[in-house]
Amino acid sequence: MMRLDADKHRYHNLLNDDHANEMLEGEGAGLAARVAELELRCGRQAEELLCLRSTLADALRRLNALEGRAPGVAAAGQRNGSYTGSSGASARELRLRQPTYRETAKRTSSYGSSASSLPQRRGPQHQSTGSLQSDSPASSSSLSPAPSPSPRATPAPLHTPHQSQAYRSRNNSTSSNQSASPAVNSLTKRWSSTGDFGAHGLISNSRFTTAKSLLNLYSKPAQNGSILKHGTHTCQYNEEDGSIRMFLRGRPIVLYGPSDHDGLDPAKVAPPPQSKLKLEWVYGYRGKDCRSNLYLLPTGEIIYFVAAVVVLFNVEERCQRHYTGHTDDVKCIAVHPNKLIIASGQCAGHDRLDARPHVRVWNSVSLATLAVIGAGQMDRAVACVTFSRADGGSLLACVDDGPDHTISVWEWQRGDKGHCIAETKCSVDTVVAAEFHPLDRNQIVTCGKNHIAFWTLDNTNMLYKRMGVFEGRDKPKYVTCLGFNHNGDVVAGDSSGNVSVWARGSAAAGRVVRAAHEGPVFSVAVLKEGHVVTAGGKDGRILMFDPDLNPTGLQHTIEGHYGGVRVVAEGRGSQLFIGTTKNCILHGDLELGFSPAVLGHVEEVWGLAAHPQLAQFASAGADRLLQLWDGLAHCTLWSKDIDERAACCAWSRAGGALAVGGVSGAWLVFDPHTRQLLASHRDGTEPIQTIQYSPDDSMVALGSRDNFIYVYRVEDEGARYTRIGKCLGHSSYITHLDWSEDSQYIRSNSGDYELLFWNATTCRQVTSASSLRDVSWFTNYCPITFTTIGVWPENADGTDINSCTRSQDSRLAATGDDFGKVKLFAYPVTQPKSLCHQYCGHSSHVTNCRML
């Protein structure tokens, strides 16, 4: 009996233990569910906090814009014209697909005289969210009125007889080139600048800003642009005949001033102009040869780069801000996990000190530079840059474009130059992408030609590499892009059109989706809900897969005239942003399609011409595209393939004809309303380098690289051309032309620094330059003249200045040079030593500049 009681007691104890275990398991499961729910809630709250911070930053920008607005400053604007159209566009004209935006912004205008016959239209005004005002070239912002709603295609209207047609006004705008009074400026808040360089030319003189002070945006004002002194010590002024002798590369050039000109002292220094320039808008995008360069910020702005400028563009509100701290081509960007800090890397430039390859870390709200990393330690260019994600972004990894493609890891917040904690050779082959693992702080993945590599940063700050293994299939020529799914697996695309998955912690390829695209896969994007979007650069297709890489059937093909897909970025909701290989940015979704947000040229642009009455300008380049731009709405009105590599373009004075000079000696004339070809001629086989219509539109002059100037008579409002003759006398190619105000004379510059004068009706040279000293010239495109002596720097090559222009009121002159600078002078620039304001943004030769 005692034994039986003991067995019963043990049995009851076992039942109690099982019941307790079941209770513990149930409580444990419930606890795990509650923890998962708390983690999800914390993640949502973190996203809400991020949105609140970006909203607060946006509110601060708006308040600053209101406080910085100077009251009572009158400004003159220009009306903007639009072209009417109907169906029937040719296939070459279908590159432009203009998006539909909200109603045109309301702005007041006083363009021209109050008696102008051009109609006006007014509408509501949009307030810019990017109105960070700065006098520094390192940051700028601008607002444009939204363009009028237009269809996706921009067909040319039916051909009509060539008659002068009045432009309809698209919108009105207020602009000002007058600076506010010092009293007003002293009360205006200004944002910090990244363009004021210290002794080493790489970091702002202002106090270093840490990542913890993201919303402490106010800092002291900075001056916009450096003031440079131009001129040559070898200029000689002759008081007897009122001439000055200057030297370009040792060659003497005698320039005669007007008879009523007071004597000048070559030793004096002319002051810079009171007016200054501020970067308003950047057209174009660099997708032709760069990757992973398009992101959406919480503020609603997309961020991308072109030339030496990083652009923050709000597509909905049509406003831009610009980070211009770089000194040469930007090649890569990365966004910090907090979505407010940006890292951008550049290539080597002209200046051995200021333009060394480096990475700039900066605040996307204040546009203030936080750190300049790697100057003097990177070779050629920064190819890839990425922030760590698992630890909140304390580390920054860079891969340069040197022979060994060195990879380096930096603690970027340590000082204003960061601290390199690890560095090693990455690969002798090209590296196209590098990313930190989102879940493992010490894991980095790189890919490129013939490889994908998995890097580990150990506790001693040593980098170890494991090469990816392509099991059961041929190694692709390039692994072109990579991303991470929510499990931490690597999703990569290659040049064979395959999409592969490497499991977290594994160096061997797992699942492979073969031939997902025809040609290389240029972009892989993992969306918030886990779906994977891939894009092909050759087939132009965008495909969506579920988290397990099963096709969802949702896809879209980009139209061929936009180019292949270079990068895909996730937008709000189901919206996607697409960067293309023809330097366009599209936005939309896979179901409704895509429309362009940014259009640009693909090759060098040499042709630039401002409309004589409207705020419009035309551009033409080596990509055979002739494009008409709206300077107020900041959009493309139309784009046309002209089947000719263009070197120059010019408007007739009435605006009814647009002439384009080609590199083969051919020149074409188009009707800007219908886009139809009005005339086609050929003069020689060398490029037509400059075209100018006479002020009365009765003649047109063309400067060719064959050393001749061809003069034609213009009839039928620009539709018919009859050759008068050609001007012979230059010993080198023609670079620039100007007409006199009475349309009787032409002056020209050539490649060997000559300034010659011509009788336009007889095409004979006027050998006595002093006899034309009192002639008034309609333009000042020639940089070698008496009124532009001071634009030439000391020891200048005669080809250093590519373009020169004068403002309509003859108070300002601007030049574009071979060093990527736009310089602003007070006109006339008759003093050999003249001060100027200079502005950066271009990373190569500034081929042309014009004033609207």
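Colleague: What's the story with the pattern of salt bridges in this structure? I'm lost.
Modeller: A pair can form between side chains of opposite charge whenever their charged atoms are brought close. For the coordinates displayed, the defined rule picks out 18 salt bridges. For Arg-414, the salt bridge goes to Glu-411, with nearest N and O atoms at 2.9 Å. What makes Arg-414 partly exposed here is its relative accessible area of 48%.

Colleague: Sorry if this is basic, but what is going on with the packing of aromatic side chains here?
Modeller: Counted by the stated rule, this structure contains 13 aromatic pairs. Consider the rings of Tyr-283 and Phe-617, whose centres lie 5.6 Å apart with planes at 80°: the pair is edge-to-face. One end of the pair, Tyr-283, is in the loop between strand E8 (269–270) and strand E9 (295–296); the other, Phe-617, is in strand E38 (residues 616–621), with 334 residues separating them in the sequence. When its relative accessible area of 15% is taken as the criterion, Phe-617 is described as buried. Plain terms: the ring middles of Phe-454 and Trp-502 are 6.4 Å apart, the flat faces sit at 55° to each other, and that makes the pair tilted. Linking Phe-454 in strand E23 (residues 451–457) with Trp-502 in strand E27 (residues 499–502), this pair joins segments that are 48 residues apart in sequence. With respect to class, Phe-454 is no different from Trp-502; both count as buried.

Colleague: Explain the nonpolar core to me, please; I cannot follow it from the model alone.
Modeller: A general trend in soluble globular proteins is that nonpolar side chains are found buried together. Ranked by size, the top nonpolar core spans 26 residues in total, and within it Ile-244, Met-246, Leu-255 and Trp-792 carry the most contacts. Contributing elements (two or more residues each) for this core: strand E6 (243–248), strand E7 (251–256) and strand E51 (755–759). Counting residues per element, this core draws most heavily on E6, which supplies three residues. With near-sequence residues (within four places) excluded, Met-246 lies in contact with Cys-235, Arg-251, Pro-252, Ile-253, Leu-255, Ile-789 and Trp-792. Judged by nonpolar contacts, the second largest core, of 18 residues, contains Val-282, Val-311, Ala-569 and Ala-597.

Colleague: What should I look at first to understand the pairing of strand E33 (residues 565–570) in this one?
Modeller: Note on strand geometry: in a regular strand, side chains alternate between the two faces of the sheet. Within E33, five of the six residues are buried, which leaves it mostly tucked inside the rest of the structure. Relative to strand E34 (residues 576–580), E33 runs antiparallel, the two sharing five bridges. Across the sheet, the residue bridging to Val-568 is Ile-578, located in E34. Counted between consecutive antiparallel strands, the loop separating E33 from E34 contains five residues, among which Gly-573 sits at a positive phi close to 65°.

Colleague: I'm lost on the sheet that holds strand E31 (residues 541–545) in this one. Help?
Modeller: Strand pairing in a sheet relies on backbone hydrogen bonds. The paired strands run either parallel or antiparallel. If you trace the four strands from one edge of the open sheet to the other, you get E29-E30-E31-E32, paired in antiparallel fashion. The open sheet has two edge strands, strand E29 (521–526) and strand E32 (551–557), and neither has a second partner. Between one strand axis and the next, the sheet turns through 20° on average, direction left out of account. In terms of strand pairing, E31 meets E32 through four bridges, oriented antiparallel. Its bridge partner being in E32, Arg-541 is matched across the sheet by Thr-557.

Colleague: Explanation requested: the pairing of strand E10 (residues 301–306) in the structure shown.
Modeller: For E10, a buried count of six out of six residues is recorded, marking the element as mostly surrounded by other parts of the structure. With burial as the criterion, each face of E10 is covered, one bearing Glu-301, Ile-303 and Phe-305 and the other bearing Ile-302, Tyr-304 and Val-306. Here two bridges tie E9 to E10, and the two strands are oriented antiparallel to one another. Paired with Leu-296 across the bridge in E10 is Ile-302. With antiparallel pairing between neighbouring strands as the criterion, E9 and E10 make up a hairpin whose turn holds four residues, including Gly-300 at a positive phi of roughly 90°. Pairing analysis gives six bridges linking E10 to strand E11 (residues 309–314), with the strands arranged antiparallel. Across the sheet, the residue bridging to Phe-305 is Val-310, located in E11.

How each quantity is defined
- Residues numbered from 1 in each chain as written.
- Predicted model: local features only at pLDDT ≥ 70, side-chain atom pairs only at ≥ 80, totals over all residues.
- Heavy atoms only, no water.
- Salt bridge = Lys/Arg side-chain N within 4 Å of Asp/Glu carboxyl O.
- Buried < 20%, exposed > 50% of the residue type's maximum accessible area, 1.4 Å probe, protein only.
- Phe/Tyr/Trp six-rings, centres within 6.5 Å; stacked < 30°, edge-to-face > 60°.
- Helix = DSSP H or I, 4+ residues; strand = E, 2+ residues; numbered from the N terminus.
- Core = buried A, V, L, I, M, F, W, Y, C linked by side-chain atoms within 4.5 Å.
- Contact = heavy atoms within 4.5 Å.
- Pairing = 2+ DSSP bridges.
- Axes fitted to C-alpha atoms, helices over the stretch in contact; angles between N-to-C directions.

Don't take any of this as a statement about function, it's just geometry.
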